[in-house]
Amino acid sequence: MDTIVILDFGSQYTRLIARRIRELQVYCEIWPYHLQGRRLDLPEIKGIILSGSPFSVIDKNAPSLPPQVLASNKPVLGICYGMQLLISSLGGKVVKAQGREYGKAKLTITERGGIFQNLGGEMVCWMSHGDSVKELPDSLLGVARTEDCEYAAVRDQEGKIWGIQFHPEVSHTPFGKEILANFVFGICGSRPEWTPESIIQQQIQWIRNEIKGEKVICALSGGVDSVTAAVLTYRAIGDQLTCIFVNNGLLRKGEPEKVLHNMEKLLGKDRVIYADAQERFLAELKGVLDPEEKRKIIGRVFIEVFEEEAQKLGQATFLLQGTTYPDVIESVSVSGPSARIKTHHNVGGLPEHMNLRVIEPLRFLFKDEVRKLAGQLKVPEDIVWRQPFPGPGLAVRIIGEVTEERLEVLRELDFIINQELKRSPIYKKLWQSFGVLVPVRSVGVMGDERTYRYVGVLRAVMSEDGMTADWSRISYDTLDTIARRVVNEVPGIGRMVYDITSKPPATIEWE
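Throughout what follows, the structure given in this document is the object of discussion. Here the residue numbering is sequential within each chain, running from 1 through the sequence in written order. Given that the model is predicted, a residue must reach a pLDDT of at least 70 before its local features are reported, and side-chain atom pairs must reach 80 or more before they are shown or counted; all residues, however, enter totals for whole chains, interfaces and linings. Note that the side-chain values use all heavy atoms of the structure and ignore hydrogens as well as water.

1. Points about the overall build of the chain
Stated precisely, the cut-off is as follows: The secondary structure listing takes helices from DSSP runs of H or I that are at least 4 residues long and strands from runs of E that are at least 2 residues long, numbered from the N terminus. Here the globule rule is a power law, 2.2 Å times the number of residues to the power 0.38, and the radius of gyration is based on C-alpha atoms. Only protein chains enter the accessibility calculation, which uses a 1.4 Å probe; a residue whose area is less than 20% of its type maximum is buried, one above 50% is exposed, and one in between is partly exposed. Residue contacts follow a heavy-atom distance rule, with two residues in contact if any of their heavy atoms lie within 4.5 Å.
Secondary structure assignment for the chain yields 14 helices and 18 strands. Here the C-alpha radius of gyration of the chain, 25 Å, is about what a compact globule of 511 residues would show, namely 24 Å. Seen through its principal axes, the chain has C-alpha atoms that stretch 75 × 65 × 40 Å. Counting over 511 residues, the chain shows a buried share of 58%. Sequence-distant contacts, at least 24 apart, represent 74% of the contacts inside the chain between residues at least 6 apart.

2. Comments concerning unusual backbone geometry
Cis rather than trans, the peptide bond between K503 and P504 has omega equal to -10°. Inspection of the secondary structure assignment puts P504 in the segment after β18 (493-498). Here the amide bond leading from P504 into P505 is cis, since omega sits at 15°, within 30 degrees of zero. Checked against the element boundaries, P505 lands in the segment after β18. Here C80, not a glycine, exhibits a phi torsion of approximately 60°, which is positive. Looking at the secondary structure, you find C80 in the loop between β4 (76-79) and α3 (81-89). Judged by relative accessible area, which is 7%, C80 ranks as buried. The residue N118 is not glycine, and still its phi comes out positive at about 65°.

3. A short note on the sheet that holds strand β12 (residues 272-276)
Condition: A pair of strands is labelled paired if DSSP reports no fewer than 2 bridges between them. Here the axes come from fitting lines to C-alpha atoms, over the contacting stretch only for helices, and the angles between their N-to-C directions go from 0 to 180 degrees.
Strand order in the open sheet made by the five strands is β12-β11-β10-β13-β14, with parallel pairing throughout. Looking at strand neighbours, the two that pair on one side only are β12 and β14 (357-359), the edges of this open sheet. Across the sheet, the axes of successive neighbouring strands diverge by a mean angle of 30°, strand direction being ignored. Relative to β12, strand β11 (residues 241-247) runs parallel, the two sharing five bridges. Among the inter-strand pairings, I244 is bridged to a residue of β12, identified as I273. Packed onto the sheet, helix α9 (residues 291-313) meets β10 (215-220), β11, β12 and β13 (316-320) and runs at close to 145° relative to β10.

4. Here we look at the nonpolar core
Let me state the cut-off plainly: The term nonpolar core refers to a set of buried residues drawn from Ala, Val, Leu, Ile, Met, Phe, Trp, Tyr and Cys, joined through side-chain atoms within 4.5 Å.
Judged by nonpolar contacts, the single largest core of 87 residues is most densely connected at L220 and V246. When near neighbours in sequence (up to four residues on either side) are disregarded, L220 contacts S226, V227, C243, I244, F245, V246, V259, M263, V272 and F306. With 38 residues, the next largest nonpolar core counts I4, A105, I109 and F366 among its residues.

5. Focus: the packing of helix α8 (residues 278-285) against α9
Our working rule: The sense of a crossing depends on the near helix, which, turned anticlockwise from the far helix by less than a right angle, makes the crossing left-handed and, turned clockwise, makes it right-handed. Residue classes follow a fixed rule: Ala, Val, Leu, Ile, Met, Phe, Trp, Tyr, Cys and Pro count as nonpolar, while Asp, Glu, Lys and Arg count as charged, and any other residue, Gly among them, counts as polar.
Contact pair α8 / α9: the axes reach a minimum separation of 10 Å and the direction vectors enclose 145°. In the packing of α8 onto α9, the handedness of the crossing is right-handed. Contacts from R280, F281, E284 and L285 of α8 reach α9 at K294, I297, I298, R300, V301, F302, E304, V305 and E308. Taken together, the residues of the contact of α8 with α9 break down into seven nonpolar, no polar and six charged.

6. Focus: helix α14 (residues 476-489)
Operational definition: Here the expected span of a helix is defined as 1.5 Å times the quantity of residues minus one.
Taking 1.5 Å per residue, 14 residues should reach 20 Å; α14 reaches 20 Å between its end C-alpha atoms and fits that length. Turning to α14, its buried residues number three or more, namely T478, I482, R485, V486 and V487. The inward-facing, buried residues of α14 abut α13 (404-421), β15 (432-446), β16 (449-462) and β18.

Written as structure tokens, this is what we have:
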């Protein structure tokens, strides 16, 4: 399959570049800039994109351009730091700018064609850089500029190497997608083969090659990720798959019953095993306050339960998980100099020694791609569009220690929030909406009596894939209804607040 490789130099926008390329139905992978033994000269690789970076190319410890990039003779597009790195590597000069260029700028295209094919002479673009190009190497020439940036876009004589100082992947560059399309199709000659149908065919074959005749246990949560992974794997290996749904006591109101009902309809009753481990999880979490420790405990106990159930089934070799790309990105620095944000229970919380091998067929898919796959696999819409739910469940929506009493309070709070939001037109636009329990008591008054109860939080955000998110502008009437109902109907909560922090700087979950 035709592939575009993105070399990640640590930019916060690298994943957004990948999303934009995949939206063009062309497969792309994010590789660490130092390659780690990977080869760029493979025939399926049609082009290379160099990402931005928090570094300056003039820093002594700045990431360098691997010799393979130019030696591969593949088309190259450098974005921001990537462009400056190309210019510096080819003999040009990059210096500290007099002032940082940040935000929207008017781009004047002095030479149309190539990545600017079928675009006008001027367009808006989005800049974010503190260095500037002072001198071009002889092999490159300028093809676009802004008022503050003489070399906003460059190319080589053959039109195979391109550099742009601005960011085409962000929505603030209105014609950014067209620029990327011109590079991917016009310069690289890629074919749009990355479709739900092709992904399903490819992954079914991969699963069969990996599993062969072995048995697989599926870690089933009931969300679109684990359900899609289960249905896809069932298509590949049939009765070699058994799904195990663990009730860890950290689920939402009525969720265990709903998950079992959905999965029995999709796979049949004999393919789903119910494991009640509520008391076990709560005992392990007793007295634990640190969120990372919670996640690690939950991950460990999950695996222990699965291994025990696997032993009952006999000879199971693989553990199937619905891990997706954002999980991997946030848990581990998989693609260069990027920071770990938090550990996901199904990625970084796994114990070092396991009796089951993990298989993750969705590991390099974004959420929207998983949903498209689910639709193609005939997964019911209420599962496809079910909001993401964290692996550690309500444990990371209770600040501090997790207790049965706090879980019951949070379940009722969360139930009211989603009941009311589903009545609002905004609900289908939300990425996630849920309650958080802050076990800090606040003074209030009900009737003529003083109250001293917990604080409840409403969190509702909009996002494309969970990598970034903005708080949702819910109507005052809906907020008022939620607050009144929670305080009146949920024993233990005396005050409601609305979290209006975006991601970044916050994460979507509170822990």
